[in-house]
Amino acid sequence: MKILVTGAKGFIGKNLVLELRNQGYQDIFEYDMDTKEEMLNSWAKECDFVFHLAGVNRPENPDEFMKGNFGFTSTLLDALVRNGNKCPILITSSIQAALDNPYGNSKREGEKLLFEYGAKHNVRTCVYRLPNVFGKWCRPNYNSAVATFCHNIANNLEIKVNDPNVDMQLVYVDDVVGQFINALNNNEIKENEFCVIPTVYEVKLGMIVDLIYSFKESRNNLSVPELSNPFINVLYSTYLSYLPKDQFSYPLKMNVDDRGSFTEIIRTSDRGQISVNISKPGITKGNHWHHTKNEKFIVVSGSGLIQFRKIGTDEVIDYYVSGKNIEVVDIPTGYTHNIINKGDTDLVTIMWANEAFNNEKPDTYFEKV
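Thresholds, definitions, all that
Residues numbered from 1 in each chain as written. Predicted model: local features only at pLDDT ≥ 70, side-chain atom pairs only at ≥ 80, totals over all residues. Heavy atoms only, no water. Buried < 20%, exposed > 50% of the residue type's maximum accessible area, 1.4 Å probe, protein only. Helix = DSSP H or I, 4+ residues; strand = E, 2+ residues; numbered from the N terminus. Contact = heavy atoms within 4.5 Å. Phe/Tyr/Trp six-rings, centres within 6.5 Å; stacked < 30°, edge-to-face > 60°. Pairing = 2+ DSSP bridges. Axes fitted to C-alpha atoms, helices over the stretch in contact; angles between N-to-C directions.

### Describing helix H5 (residues 145–154)
At 3.6 residues per turn, the α-helix brings residues three or four places apart onto the same side.
And then number 1: Most of H5 sits out of view: eight of its 10 residues are buried.
And then number 2: For H5, the full list of buried residues reads Val-146, Ala-147, Thr-148, Phe-149, Cys-150, Asn-152, Ile-153 and Ala-154.
And then number 3: Against the buried residues of H5 lie strand S6 (132–134), strand S7 (167–172), helix H7 (205–221) and helix H8 (230–240).
And then number 4: Remark: Asn-156 follows H5 within two positions and exhibits a positive phi of approximately 60°.

Pasting the structure below:
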């Protein structure tokens, strides 16, 4: 299948083209502003499907809305007609098409043109009136509040929120691309005459800002977002794509002594704490037990011994562990336990606890195994 994508270098176009290639589509004609005009006629003759994503969002002159959104659509359709090509065509419009403004009017006229073209030439058409689309590679400080907030907050730049109570309707670019590929395979979802993206997030502007600031702060408090929430999950992924190139990493506080080190990586209120423990050769750590706190130890480098003794008994239970055979060792409640480095290199252990350490309620009682 040969696929023509207009606006191929734009936000949605770039995501779409790359995912098409991921799924094995190779013959993709990428048309954008810097493409030679004669290529449009050539590709309009060969293509088997058209994704018409090109358009004008924020021109210097409002008259350019009609030229870019209606005029180029007319040019594209003329090229298809001229070549006798009745392949399906998908076009992106906007919910603004329901409003009376220069941008909305130009989008509405583009929709009308495509519907008339489809009816006249018996061509399958797909028109998507998209709300605000967000995700990686969206241009900040242009026409996307989410892109602007993610970019500016990640880069310590000022943001402006006129009304935090504004309700936003948002779709995530991966969901958009997924539905576009469904349409390519004749599986689009329609409501009346328009195709739709079924997953639409309705979120107040102020909440979006608060969430993005919390993502930034998570590097300091070691928290992670509530990723079980679908919107928070995709918004966090979007935010990370705007991190400055020199700030992908961030430091952690290493608690170092002559035995080795202990470093907290993640602290959450409801999913526990993850840390990395490094013990030098011959060192024993632990020798304590918990009422309710439970842990999982995973040795990833070195070799050692984890010992257990149930409180009130004399039997010592040995578990030999090694980075050559990575496994999880559960640390049950009511058992005093330790971890001993039996090798001649550092023993590196990933430790998960079901709760973050609380100095006021440590639930940790020292007693030798």
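### Notes on the environment of Pro-102
And then number 1: For Pro-102, the position within the fold is in helix H4 (residues 102–121).
And then number 2: C-alpha separation for the pair Pro-102 and Lys-45, spaced 57 residues apart in sequence, amounts to 32 Å.

### So, the packing of aromatic side chains
And then number 1: All chains considered together, the criterion is met by 15 aromatic pairs.
And then number 2: When the ring of Phe-115 is compared with that of Phe-194, the centres are 5.7 Å apart and the planes differ by 70°; the resulting orientation is edge-to-face. One end of the pair, Phe-115, is in helix H4; the other, Phe-194, is in strand S9 (residues 194–195), and 79 residues separate them in sequence.
And then number 3: Considering the side-chain rings of Phe-215 and Tyr-236, the 5.0 Å spacing of their centres and the 65° angle between planes classify their relative orientation as edge-to-face. Here Tyr-236 lies in helix H8 and Phe-215 lies in helix H7, a separation of 21 residues in the sequence. Each member of the pair, Phe-215 as well as Tyr-236, carries the same accessibility label: buried.

### Observations regarding the sheet that holds strand S12 (residues 260–267)
Strand pairing in a sheet is mediated by backbone hydrogen bonds. Such pairs are either parallel or antiparallel.
And then number 1: One open sheet holds the six strands; their spatial order is S11-S12-S13-S20-S15-S18, and the pairing between them is antiparallel. Each of the sheet's edge strands pairs with one partner strand only, and the pair in question is strand S11 (254–257) and strand S18 (329–331). Neighbour-to-neighbour, the strand axes of this sheet turn through a mean angle of 20°, independent of strand direction.
And then number 2: Alignment of S11 against S12, held across four bridges, turns out to be antiparallel. Counted as the bridge partner of Asn-255 is Phe-262 from S12.

### Some details on the environment of Tyr-250
And then number 1: Counting through the fold element by element, Tyr-250 comes out in the loop between H8 and S11.
And then number 2: Sequence separation between Tyr-250 and Lys-342 is 92 residues, and the spatial gap between their C-alpha atoms is 32 Å.

### A few points about the pairing of strand S14 (residues 284–289)
And then number 1: The pairing of S14 with strand S19 (residues 335–341) spans four bridges and is antiparallel. Bridged to Lys-285 within S19 is Ile-339.
And then number 2: In this sheet, strand S21 (residues 365–366) lies alongside S14 in antiparallel orientation, the contact comprising two bridges. When the bridges of S21 are listed, His-288 appears paired with Phe-366.

Interpretation in functional terms is not warranted from these geometric data alone.
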